[in-house]
Amino acid sequence: MASQQHSVNSEPMHSDQTHYDLIIVGGGMVGAAIACGLAPTGMQIAVLEQSEHAPVWQAEKVDPRVSALTEASRTFLEHLGVWAQMPLLRVTPYQKMKVWEADGTGHIEFSCDDLFAENIGHIVENSVTLTALLNKMATYANVQLLRGVQLLGITEAASQGLGTQRSVLLADGRQLSAQLLVATDGARSKLREWGNFETREWDYGHNAIVTTIQLENSHQGTAWQRFMPTGPLALLPITQQGDDHYCSIVWSATEEEAERLMALNESEFCAELGLAFEHRLGKVLACDPRFSFPLRQRHAKQYWHNSLVLAGDAAHTIHPLAGQGVNLGLLDAATLVEVLTQAWQRQQPLGIGQTLQKYQRRRMPDNLKMMALMEAFKRLYGPVPLPLRWVRNLGMNMVNNSPLIKKQLLRQALGERDGLPDSAQVHLA
């Protein structure tokens, strides 16, 4: 079936163009951020997206997929020129985090006041972030977005001058080439598969249930999380049209428990959720349709190979209990923008190992560290013998009573600005 071509630019490129400086496969948040970051250089960029239609943000309905954007992510989006649009749609800043243990009295409370910050982060619907990025991308005449594109494969890297060139093969018979292919096509990346990247991966044995709920009481500008033997439950504050009685939930549970919860009707699910959350915000009055998906950790052993580079979920996926997946992807984007901008300004080929290795060297350690931390939390707060539960509760309370440790943990939750490459800030300012 022939693919449908659609350009978001007011002055689209010629439809018969087949060669670009850069081809990004995947028009989600990470791919769009990379395109927006590199567009000011003047590169000829193609963004290939399989879906035929962009996600539509709706004022009266909350997107079930949300992210807890850190200050580093917000700063990057601000430098891309998209953050200013996002509060006009919907973002919810939160000032506190409350975490507690189901089996015992362990608890930790964080407040942005501890660091004299305005907030800890922002809860943002994925459709809000993507809408703002696509709107910005549409202002660049040198970026072409092709929607409804079906890929059949990629060619091997071929020498071209000092660098190399690769092509993507489309179902409609076209072959598009570029100095560098960027894979931002998600956790099940076809480009990662076609590029023969090895990965380390395993199932968590959990499914995540996501939806939006209406509560009896205000969310208090607080992110709430309760650790239970079957998995963590997070309530993330959403202020909808001035009403602060909504939260987006991420309920990670064993596969059996998740299946049981998904089989409940709305009133039964709300009742179960209220019990699981100990009615800290009163009754759960209503919930939107629920979605469930399996959780799997995955990490590519190499982020680049022969003029093909991975970013975002194509390179790594982690447990959503801390909401860090999108933040890691946006920092991938910021770093890749930085190193490719430097290469472009020095008139170096984009796909050479010297450039791409610099990206990998900067991002892989941070991504691995966060993945290890999430795995440790998942194991620590899973079913453990009674003596370990006692130690776990004692440890949480000790941390809560230690201002120094709490400040350090809070700085990590904020996503310190030094997570964003300085030179990327300069280029994007």
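The structure under discussion appears in the preceding block.
Student: Please set out the overall build of the protein chain residue by residue, giving values where relevant.
Tutor: The number of helices and strands found in the protein chain is twelve helices and 20 strands. The proportion of buried residues among the 429 residues of the protein chain is 55%. Put simply, 75% of the contacts in the protein chain that link residues at least 6 apart link residues at least 24 apart. If you sum the accessible surface of the protein chain, you get close to 18,600 Å²; carbon and sulfur atoms cover 53% of it.

Student: I'd like a description of the pattern of salt bridges, backed by residues and values.
Tutor: According to the stated counting rule, one finds 16 salt bridges in the structure shown. Between Lys190 and Glu193 there is a salt bridge; the shortest N-O distance is 3.1 Å. Residue Lys190 and its partner Glu193 are located together in helix H5 (residues 190-194), separated by three residues, close to a single helical turn. The exposure class assigned to Lys190 is partly exposed, which follows from its relative accessible area of 38%. In this structure, Glu257 engages Arg260 in a salt bridge whose closest nitrogen and oxygen atoms are separated by 2.8 Å. Remark: Arg260 and Glu257 occur in helix H6 (residues 255-263); sequence separation between them is three residues, near one turn of the helix. For Arg260, a relative accessible area of 33% puts it in the partly exposed group. Several salt bridges share partner residues, and in doing so they unite Glu201, Asp203, Arg296 and Arg298 into one network.

Student: Break down the nonpolar core for me, with residues and values.
Tutor: Core analysis: the biggest nonpolar cluster contains 71 residues, and Ile23, Met86 and Leu340 have the highest contact counts within it. When residues no more than four places from it in sequence are discounted, the contact partners of Met86 are Leu69, Leu77, Val91, Val124, Val128, Thr129 and Ala132. With 23 residues, the next largest nonpolar core counts Cys247, Leu264, Ala276 and Val284 among its residues.

Student: So what about unusual backbone geometry? Which residues, and what values?
Tutor: Despite not being glycine, Glu278 shows a phi value in the positive range, around 60 degrees. Relative to the elements of secondary structure, Glu278 occurs in the loop between helix H7 (266-276) and strand E17 (284-287). For Glu278, a relative accessible area of 35% corresponds to the partly exposed category. In the Ramachandran plot, Ser307 falls in the positive-phi region, its phi being about 65 degrees despite a non-glycine side chain.

Student: Got a sec to walk through the packing of helix H1 (residues 29-38) against helix H8 (residues 325-345)? Specific residues and values, please.
Tutor: It is the contact of H1 with H8, at a shortest axis distance of 9 Å, that shows an interaxial angle of 30 degrees. Viewed along their axes, H1 and H8 adopt a mutual orientation that is roughly parallel. Along this stretch, H1 crosses H8, giving a crossing that reads as right-handed. In contact with Met29, Val30, Ala33, Ile34, Gly37 and Leu38 of H1, H8 contributes Val326, Gly329, Leu330, Ala333, Leu336, Val337, Leu340 and Thr341. When grouped by side-chain class, the residues that make up the contact of H1 with H8 number eleven nonpolar, three polar and no charged.

Student: So what's going on with H6? Residues and values would help.
Tutor: In an α-helix, one turn spans 3.6 residues, which is why side chains three or four residues apart end up on the same side. If you check which residues of H6 are buried, you get Glu257, Ala258 and Leu261. Each buried residue of H6 sits inside an arc of 100 degrees when the element is viewed along its axis, so together they form one side. For H6, exposure combined with an orientation more than 90 degrees from the buried face picks out Glu256, Glu259 and Ala263. Packing partners of the buried residues in H6 comprise strand E13 (199-215), strand E16 (243-254) and H7.

Student: Give a detailed account of the packing of helix H2 (residues 71-79) against H8, specifying residues and quantitative values.
Tutor: Contact pair H2 / H8: the axes reach a minimum separation of 9 Å and the direction vectors enclose 45 degrees. When the interaxial angle is binned, H2 and H8 end up oblique. In this structure, the crossing between H2 and H8 has a hand that is left-handed. Of the residues in H8, those touching H2 at Ala72, Ser73, Phe76 and Leu77 are Asn327, Leu330, Leu331, Ala333 and Ala334. Among the residues forming the contact of H2 with H8, the class breakdown is seven nonpolar, two polar and no charged.

Student: How would you explain H1 if you had to name every residue and give the values?
Tutor: Most of H1 is tucked away: ten of the ten residues are buried. Taken together, the buried positions of H1 are Met29, Val30, Gly31, Ala32, Ala33, Ile34, Ala35, Cys36, Gly37 and Leu38.

Student: Go over the pairing of strand E1 (residues 19-25) with me, naming the residues and quoting the values.
Tutor: Along E1, six of the seven residues are buried, which leaves the element largely enclosed by surrounding structure. Sheet analysis places E1 next to strand E2 (residues 45-49), joined by four bridges and oriented parallel. When the sheet's bridge partners are listed, Ile24 is paired in E2 with Val47. The parallel pair E1 and E2, bridged by H1, forms a crossover whose chirality is right-handed.

Student: Would you mind going over the sheet that holds strand E3 (residues 66-69) in detail, with residue names and values included?
Tutor: Taking strand neighbours across the sheet as the criterion, the three strands line up as E3-E7-E4 in an open arrangement whose pairing is antiparallel. A single partner strand is all that each edge strand has here, and the edge strands are E3 and strand E4 (91-94). Taking the axes of each pair of neighbouring strands and ignoring which way they run, one obtains an average angle of 25 degrees across the sheet. Sheet topology places E3 next to strand E7 (residues 121-125); four bridges connect them, and they run antiparallel.

Conventions used here
- Residues numbered from 1 in each chain as written.
- Predicted model: local features only at pLDDT ≥ 70, side-chain atom pairs only at ≥ 80, totals over all residues.
- Heavy atoms only, no water.
- Helix = DSSP H or I, 4+ residues; strand = E, 2+ residues; numbered from the N terminus.
- Buried < 20%, exposed > 50% of the residue type's maximum accessible area, 1.4 Å probe, protein only.
- Contact = heavy atoms within 4.5 Å.
- Areas by Shrake-Rupley, 256 points an atom, 1.4 Å probe, with all protein chains shown as cover.
- Salt bridge = Lys/Arg side-chain N within 4 Å of Asp/Glu carboxyl O.
- Core = buried A, V, L, I, M, F, W, Y, C linked by side-chain atoms within 4.5 Å.
- Axes fitted to C-alpha atoms, helices over the stretch in contact; angles between N-to-C directions.
- Parallel < 35°, antiparallel > 145°, perpendicular 65-115°, else oblique.
- Left-handed = near helix turned anticlockwise from the far one by under 90°.
- Nonpolar A, V, L, I, M, F, W, Y, C, P; charged D, E, K, R; others polar.
- Arc of directions from axis to C-beta.
- Pairing = 2+ DSSP bridges.
- Right-handed = clockwise from strand over helix to strand, strands pointing away.

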